[in-house]
Amino acid sequence: MKCQKCNRDATFHITELLGGKPEELHFCAEHAQEYLNQTQNSIPGTGNIATALASHIAQQMAFTKASNEFSQTDRERCPACGMTFLEFRSRSRLGCPKDYFSFKKQMETLLVNIHGEMQHVGKKPKRSAEVSEKISDLIHLRREMEEAVREELYEKAGTLRDQIRSLEKEAGVE
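These remarks concern the structure in this document. Since we're looking at a predicted model, the values are computed, not measured.

The rules behind each value
- Residues numbered from 1 in each chain as written.
- Predicted model: local features only at pLDDT ≥ 70, side-chain atom pairs only at ≥ 80, totals over all residues.
- Heavy atoms only, no water.
- Salt bridge = Lys/Arg side-chain N within 4 Å of Asp/Glu carboxyl O.
- Buried < 20%, exposed > 50% of the residue type's maximum accessible area, 1.4 Å probe, protein only.
- Helix = DSSP H or I, 4+ residues; strand = E, 2+ residues; numbered from the N terminus.

1. Digging into the pattern of salt bridges
Item 1. In this structure the tally under the stated criterion is five salt bridges.
Item 2. Of the charged contacts, one joins aspartate 9 and lysine 2 as a salt bridge, the two residues approaching to 3.2 Å between their closest N and O atoms.
Item 3. Residue class for aspartate 9 comes out exposed when judged on its relative accessible area of 51%.
Item 4. Residues arginine 142 and glutamate 168 are paired through a salt bridge, measuring 2.5 Å at the closest nitrogen-oxygen approach. Taken together, the residues arginine 142 in helix H6 (residues 129-150) and glutamate 168 in helix H7 (residues 154-171) connect sequence positions 26 residues apart.
Item 5. In this structure arginine 142 comes out as partly exposed when scored by relative accessible area, which is 32%.

2. So, unusual backbone geometry
Item 1. Within the chain, serine 92 stands out as a residue other than glycine whose phi angle is a positive 60 degrees.
Item 2. For serine 92, the location among the structural elements is in the loop between helix H3 (85-91) and helix H4 (99-102).
Item 3. For glutamate 152, which is not glycine, the phi torsion reads 60 degrees and is therefore positive.
Item 4. With respect to the helices and strands, the residue glutamate 152 is situated in the loop between H6 and H7.

Structure representation (structure tokens):
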């Protein structure tokens, strides 16, 4: 549904009782706030009600803004493996080591909430950083190969397959 004053989507739906009959009004956030301010000033004795309603709508608008920002964060992708933050939230597993850098801000908040710390204290991985880098490259190449097969670029897929096999031998992963 569109706003009655502009062409944006209506996010606020207000029902007014005028002359004993309900009248539905549909506004975007900007025009809803304008309408409520106008109503507050024009009706005597409704200051407290209008103020409370305006406060409630302001809170709702802040929630909507936070929700939109969260939605934007969910669409962010790791350039190496292509995983979105939404996929991570639904699976609770990262796609590759580069996801820690791609989702750094979100991961810091998450780690502090879960562990209470940002600094790792404990055992270190047995594999070296070089092997981890090769595994990350493998993930990226496999995704590229899947995409090439989907697009029916079989020569490119074959070349990528050979690169994957070579990297798997170097990394000792098979």
